[in-house]
Amino acid sequence: MATAAATGASISPASSTLVEEPVNSVTSVSPPLPGPSGRRSSESARTLPGPGFHRNRSVNDRSRSMSASIPAHYRAALEGARAGRPPVPSAPPGRDSPAPRPRRAPVVYPALLSRVAEAFKARIQLGDRVKDGLTYKDAFDGREAVDTIAYIIKTTDRNLALLLGRALDAQKFFHAVTYDHRLRDSSHDLYQFRTKLPSPFVSGELTHVPHEHEELIKALGEPLINGGGGGGEVATKESPSPSAEDDSEKKEGSRPTSPTPSVAGASSPITRPRAGSVSSDDVPLPTGVFTLLTDCYSPTCTRDQLCYSIACPRRLEQQARLNMKPQRELKKQISRESLGELVEPGTLWIHSVPAEVVASVSDAEKKRQEAINEVIYTERDFVRDMEYLRDCWIKPLRELDIIPEARREDFITQVFWNINDIIAVNTRLRDALNKRQKSYAVVEQIGDVLLEAVPHFHPFVSYGAHQLYGKYEFEKEKSTNPAFARFVEETERRPESRKLELNGYLTKPTTRLARYPLLLEAVLKHTPPDNPDKTTLPKVVEIVRDFLKAVNTETGKAENRFNLLQLDQQLVFRPGEQVDLRLREEGRELIYKGALKKRGGSQGDGGELMVFLFDHALLMVKPKSKVEQYKVYRRPIPLELLLVSAPDEFATQKPQNNRQKQLMKNAPHAPVIPMKDTKGGFSITFVHLGRKYYQITLWASTYVSQRKWVEHIQKQQEIMRERSNVFETITINEGFFIGVNKVNCAAPFNQGRKAVYGTDDGVYLSNLLERNREPVKVLALKDVEQVDVLEDYQLLIVLAERQVITFPLDALDPMDPLSGLKRAKRIASHISFFKAGVCVGKTLVCVVKSSPLSSTIKALEPIDQNIRGRSKPTFRKLLQGGNDTLRVYKEFYIPVQSSSIHFLKTRLCIGCTNGFEIVDLETLDTQGLLDPADQSLEFVHKRENLKPLAIYRIENEFLLCYDEFAFYVNKAGWRSRKEFMVYWEGNPTGFALHYPYVLAFEPTFVEIRHVETGAMSQIIQGNNLRCLFADTPPSTTHGANNYYNVYQQGYGYNSYPSPDGGRASIVSMSSNGYGSPSALAPYPNPYVPRPPLGVGRDEILMVSDDRVMRLQMTATARAALHGH
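Residues numbered from 1 in each chain as written. Predicted model: local features only at pLDDT ≥ 70, side-chain atom pairs only at ≥ 80, totals over all residues. Heavy atoms only, no water.

1. Section: the overall build of the chain
Now for step 1: A count of helices and strands for the chain gives 23 helices and 44 strands.
Now for step 2: The buried share of the chain, taken over its 1124 residues, is 56%.
Now for step 3: Restricting the contact set of the chain to residue pairs at least 6 apart, pairs at least 24 apart contribute 67%. (Helix = DSSP H or I, 4+ residues; strand = E, 2+ residues; numbered from the N terminus. Buried < 20%, exposed > 50% of the residue type's maximum accessible area, 1.4 Å probe, protein only. Contact = heavy atoms within 4.5 Å.)

2. What about the packing of aromatic side chains?
Now for step 1: The full count for this structure, using the stated rule, is 39 aromatic pairs.
Now for step 2: Ring geometry for F737 and Y764: centres 5.7 Å apart, planes at 90°, overall edge-to-face. Of this pair, F737 sits in the loop between β16 (727-734) and β17 (743-749) while Y764 sits in strand β19 (residues 762-767), and the two are 27 residues apart along the sequence. Residue F737 shares its accessibility class with Y764, and that shared class is buried.
Now for step 3: By way of ring pairs, the aromatic residues F120, F140, F173, F174, Y191 and F193 are connected into one cluster.
Now for step 4: The residue whose ring lies beneath K154 is Y151, and the NZ or CZ to ring-centre distance is 3.8 Å.
Now for step 5: Note that K890 overlies the ring of Y889, its terminal NZ or CZ placed 5.7 Å from the centroid. (Phe/Tyr/Trp six-rings, centres within 6.5 Å; stacked < 30°, edge-to-face > 60°. Lys NZ or Arg CZ within 6 Å of the ring centre and 35° of its normal.)

3. Remarks on the sheet that holds strand β29 (residues 898-903)
Now for step 1: Taking strand neighbours across the sheet as the criterion, the 4 strands line up as β29-β30-β31-β32 in an open arrangement whose pairing is antiparallel. In this open sheet, the two strands that pair with only one neighbour each are β29 and β32 (926-928). Averaged over all pairs of adjacent strands, the angle between strand axes in this sheet comes to 25°, irrespective of strand direction.
Now for step 2: Alignment of β29 against strand β30 (residues 907-912), held across 5 bridges, turns out to be antiparallel. Bridge pairing links S900 to G911 in β30. (Pairing = 2+ DSSP bridges. Axes fitted to C-alpha atoms, helices over the stretch in contact; angles between N-to-C directions.)

4. Some words on the nonpolar core
Now for step 1: Core analysis: the largest hydrophobic core is formed by 62 residues, its most contacted members being L389 and F416.
Now for step 2: Here this core gets 12 residues from one element, more than from any other, and that element is helix α10 (residues 363-399).
Now for step 3: Those residues in contact with L389 that sit more than four places away from it in its chain are I394, F416, I419, L502, Y505 and L506.
Now for step 4: If you look at the next biggest cluster of nonpolar residues, it comprises 37 residues, including Y109, V116, F193 and L285. (Core = buried A, V, L, I, M, F, W, Y, C linked by side-chain atoms within 4.5 Å.)

5. Re the sheet that holds strand β24 (residues 825-828)
Now for step 1: Taken in spatial order, the 4 strands line up as β21-β22-β23-β24 in an open sheet, and their pairing is antiparallel. Each of the sheet's edge strands pairs with one partner strand only, and the pair in question is β21 (784-790) and β24. Each neighbouring strand pair of the sheet contributes to a mean axis angle of 25°, computed without reference to strand direction.
Now for step 2: Two strands pair when backbone bridges link them, and strand β22 (residues 795-800) and strand β23 (residues 803-808) are joined in this way by 6 bridges, in the antiparallel orientation. Paired with L796 across the strands is F807, a residue of β23.

6. Here's the deal with unusual backbone geometry
Now for step 1: Cis peptide bonds are those with omega within 30 degrees of zero, and the linkage from Y995 to P996 qualifies with 10°.
Now for step 2: Structurally, the position occupied by P996 is in the loop between β38 (990-994) and β39 (997-1002).
Now for step 3: Positive phi, normally seen in glycine, also occurs at D783, with a value near 50°.
Now for step 4: Its place among the elements puts D783 in the loop between β20 (776-779) and β21.
Now for step 5: Even without glycine at this site, N945 takes up a positive phi of about 55°.

7. Remarks on helix α17 (residues 508-525)
Now for step 1: Between its first and last C-alpha, α17 extends 25 Å over 18 residues, near the 26 Å set by a 1.5 Å rise per residue.
Now for step 2: The buried fraction of α17 is high, at 14 of 18 residues. (Expected span 1.5 Å × (residues − 1).)

8. Focus on the packing of helix α12 (residues 419-439) against helix α14 (residues 458-480)
Now for step 1: Between α12 and α14, whose axes approach to 9 Å, the crossing angle comes to 150°. Considering the angle they form, α12 stands roughly antiparallel to α14. As α12 runs across α14, the sense of the crossing is left-handed. Contacts between α12 and α14 involve I419, D421, I422, V425 and N426 from the former and P459, F460 and Y463 from the latter. (Parallel < 35°, antiparallel > 145°, perpendicular 65-115°, else oblique. Left-handed = near helix turned anticlockwise from the far one by under 90°.)

9. Here we look at the packing of α10 against helix α11 (residues 405-416)
Now for step 1: Packing of α10 against α11 brings their axes to within 9 Å, and their N-to-C directions diverge by 160°. Judged on the interaxial angle alone, α11 and α10 are roughly antiparallel. The hand of the α10/α11 crossing is right-handed. Only R408, E409, F411, I412 and F416 of α11 make contact with α10, whose side of the interface consists of L389, W393, I394, L397 and R398.
Now for step 2: Class assignment of the residues belonging to the contact of α10 with α11 gives a composition of 7 nonpolar, no polar and 3 charged. (Nonpolar A, V, L, I, M, F, W, Y, C, P; charged D, E, K, R; others polar.)

10. Side note on the pattern of salt bridges
Now for step 1: Following the criterion strictly, the structure yields 46 salt bridges and no others.
Now for step 2: Salt-bridge contacts for R390 lead to D391; the nearest nitrogen and oxygen are separated by 3.0 Å.
Now for step 3: Note on D391: relative accessible area 40%, which makes it partly exposed.
Now for step 4: One salt bridge in this structure joins R436 and D448, with 2.9 Å as the shortest N-O distance. Residue R436 is located in helix α12, and its partner D448 is located in helix α13 (residues 447-453); the two are separated by 12 residues in the primary sequence. (Salt bridge = Lys/Arg side-chain N within 4 Å of Asp/Glu carboxyl O.)

11. Considerations on the state of the cysteines
Now for step 1: In total, this model carries 0 disulfides according to the counting rule given.
Now for step 2: Summary of cysteine pairing: C912 is not part of a disulfide, and the nearest cysteine sulfur, belonging to C909, is at 8.2 Å. (Disulfide = S-S within 2.5 Å.)

12. A short note on the pairing of strand β11 (residues 617-623)
Now for step 1: The element β11 is extensively covered by neighbouring structure, given that 6 of its 7 residues are classed as buried.
Now for step 2: As judged from the 4 bridges shared by strand β10 (residues 607-614) and β11, these two strands associate in the antiparallel manner. Counted as the bridge partner of F612 is L619 from β11.
Now for step 3: Counting the residues that bridge the hairpin from β10 to β11 gives 2 residues.
Now for step 4: Two strands pair when backbone bridges link them, and β11 and strand β12 (residues 630-638) are joined in this way by 6 bridges, in the antiparallel orientation.

13. So, the side chain of R953
Now for step 1: In this structure, R953 sits in strand β33 (residues 948-954).
Now for step 2: Within the buried core, R953 has no salt-bridge partner, and the shortest N-O distance to an opposite charge, that of E955, equals 9.4 Å.
Now for step 3: A polar contact is formed between the side chain of R953 and the backbone oxygen of E955, at a distance of 3.1 Å. (Lys, Arg positive; Asp, Glu negative; His and termini not counted. Polar contact = N/O pair within 3.5 Å; in protein donor to acceptor, adjacent residues only side chain to side chain.)

14. A look at a negative patch on the surface
Now for step 1: On the surface, D760, D783, E785 and E801 cluster together to form a negatively charged patch.
Now for step 2: Mapped onto the elements of the fold, D760 is located in the loop between β18 (754-759) and β19. (Patch = residues over 30% accessible without salt bridge, like charges linked within 9 Å, V, L, I, M, F, W, Y side chains within 5 Å. Areas by Shrake-Rupley, 256 points an atom, 1.4 Å probe, with all protein chains shown as cover. Charge placed at Lys NZ, Arg CZ, Asp CG, Glu CD.)

15. A short note on the environment of L924
Now for step 1: Here L924 is to be found in the loop between β31 (915-920) and β32.
Now for step 2: Residue classification places L924 among the partly exposed positions, given a relative accessible area of 30%.
Now for step 3: Along the chain, L924 and F892 lie 32 residues apart, while their C-alpha atoms are 7.0 Å from each other.
Now for step 4: Once residues within four sequence positions are removed from consideration, L924 is found in contact with K890, E891, F892 and V919.

16. Points about the side chain of S186
Now for step 1: Examined against the element boundaries, S186 turns out to sit in the loop between β4 (174-176) and β5 (190-193).
Now for step 2: By relative accessible area, S186 is classed as buried at 17%.
Now for step 3: Contacts of S186, omitting those with residues within four sequence positions, involve D141, G142 and R143.

17. A look at the confidence of the model for the chain
Now for step 1: In this model, the chain carries a mean pLDDT of 75, and residues with pLDDT of at least 70 account for 70%.
Now for step 2: Predicted confidence is poor over residues 1-102, with pLDDT under 50, and the contacts of this stretch with residues over four places away or in other chains come to 237 contacts.
Now for step 3: The low-confidence segment residues 199-281, where pLDDT is below 50, has 283 contacts with residues more than four positions distant or belonging to other chains. (pLDDT = per-residue confidence, 0-100.)

In structure tokens, the structure reads:
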């Protein structure tokens, strides 16, 4: 018998997440596995055992094989010599069978447990299983296990496959989720691999606990109920998670005592997976030789002649092949004791009452009394097991000097949590049930007793949620404290433990809770309709099921939190690339994980990466060899900035509902990124949009795996879009402005009902209320770069071929684009750009003639301030009279190149190559906005090629938006709100303000942030995005009491350095309110905006390829903003 070994385990910190099953990820010293690697265990269904294929070998037959005693070097030579002949079939024909039929070769050499274990782990399908109301993560059932082993060794004898499986579980390669029975060929029994809890604190041999452990211990000690994560069910298990402690308990006292098949101990050193592989871990596979399936030890033995040895494993096959009658020199005795479980008889009700009582009741009542008796005696067993934990574990650990005194109580609390509370609750229940049973030979009802007790089962929920932490503490202490390890071994050998390890007892509270509904439904089944239990027991079952749901929910939160804490400490970043993924935040989830291959580049950089999909980001890591750490391979990608491309050769168009079609119609075109040649295979290309752009292509092992990755990412991105839906896009034109006629600019007017567009081909007019009508050309101009409308003066201002020209709106004739040119008034030439707005109480149009070394700026105003009519005849006459439409109000010169103009209350702010310049229109004095005396602004002064793009007045401060970052200054030009700093994710080319949000437009997405906190609120992806129109809103001089921020969890991760060198948290989540500006009242119809304020239009227009869209706040966001 081989010595028990610890089992192979994944170092993955999230085994309860959706996990991609690896295919061919097994690594060992074995030769390549023959046959297709992806064959599923269901193929063994073709080889179900028949009556003629039963194996009739005795224990003596098995023990006579001497193959395990051959020296290792000689055995290796023999294996090499036999390589040319087919392997021995593992199930020779029975005595009465005809000539043997051809057999497929086993997947691996079936006698070596390590190779069978390796193949088994690669092929068994893991998944979430639910039984008795509890969820089991990464579990498989007994029938699947036997199917898989039978397929691996190519046998039809399920008993043989079961024996081999028990040889694996004898070395704790896998275990029943309740730890209390061996492998069974049953679909009702669930099993999990024994995996090692990852520890980020140690590598190699454990001799002490490093100080880094303290942080996690503090985190683990925090209360978990109602505070441990957000519903993600992620688990890393040495043993199953609390929510995965599911199994039919059978009878609580049942213990396995059956022998295992003969397994010869292996003298060769334990082999491990290759270092650095995704499946690499520090726990070896089972080792040993399963003698039933060994080759014959004789070098002269072949399949085609009878071996001289009566113990030859091939003897029956040889006799059948040679049509010889089997010689039964050895007495055959079928060994079945290892296939069945020895069950300790429970106390039956018919044995506990007088015979005359038994005779006096009906058969149905007998069954009911037996079911009631099972409820009562299993309750006694459960309390006895809990008292065993208290008396044989908790008490000695508290009294003996096994755990250092400084942390003794904390250790006992962490491992055993609230066992005493459970004992108290269930002792009362046990005593009440015992009293009821002793009072009446025939128990009339138990529902009243249970109905009084089960509402107090809250300790079970708390215990289930904390169970994973307890197992972690237990395993850590056992591996670092030799005295405790000895105590564990001695205690588990005591008669009181009944051959069950501690983990088996620690799972009993959760499995007991799941057992109640089954036991009580058995009572209900035999309860007559007029019995009170018929109404009370369903209520009890309902209460228990609610507790089970709570256990699953809280356990999922606890597991998720535990594993994210683990992973957070296991990540190793490259120097200078440290980012805060915020894995410790409440609500963080791990959605999916798996291994993806990367193909070598010029440096031969191949291998596998472990990829984690969180609820907010995608992370690619490379496991470090020999230490339980993950080296971050590339910068994590926030999901909003992630673009995924995966060629789908089998794509089928999924039907879309009306809502999806409407969303697609109104959304921008998806970003189009040139992809590198993927050279076939199941490739997935990940693109990080924005300033930190990169793309990487990885390969999945199967088509199914590729589609799963894409589906999970897209589903989570959709969830994030719905959760962060502050602004929505409404398509107002599509398919018209294409090719050379692409739209360059736009301006809405008539309260948003109409819009003018400027293209290289002229000016177009569109009535937005008539959705199906295309824009019409109203002015035949070339190279129109800017348009704007002074609605109070019915003037259209156009910048075309570097000339500023004005047109009266009523001169625009859709029938004749040339007629309007007759009414044109050229205002200025050689103009770089113009800007209309309000300053010093006047409507002004500033035209700018800019060169690399200087800028000349003219501030123009309409000629008659009294003309306010919408379409007065006098206005037409005035224009036709030949008067200029605009006149010069002020003209000035600045010795730098300017790129933008912004209107403040009494001054102009000009964006220049050296920053923002302030110009007083009364005196024409010019000075820099930022005060050079403010040392905290050095990061701006020292930065080269910085582009000032926008300035917005928020209350009494100014929000300055550059192409790299944004911050606040006060009226004196000194930095204010020192904690506020925004680093743009993209490379903005334009900005818009819709209080309380600032929108930054870059070619592949719109970045929307809250102006009070800097927090990211939304990302809208698109292709070739440009802001067509965003008016400078009036100054916001009043705060808001409510603001809508969907990202209370924060966005992405914190990664950018602050100006002083530290890391800035761009997610400052202030909870104080800021109220809503009364001017920004919501408007229900997107085409009928709020009444104008006299200045400023709140429409925001943008374009994505040929699709022109309006950006507006959603109804939900407006309601939240205004407190409705």
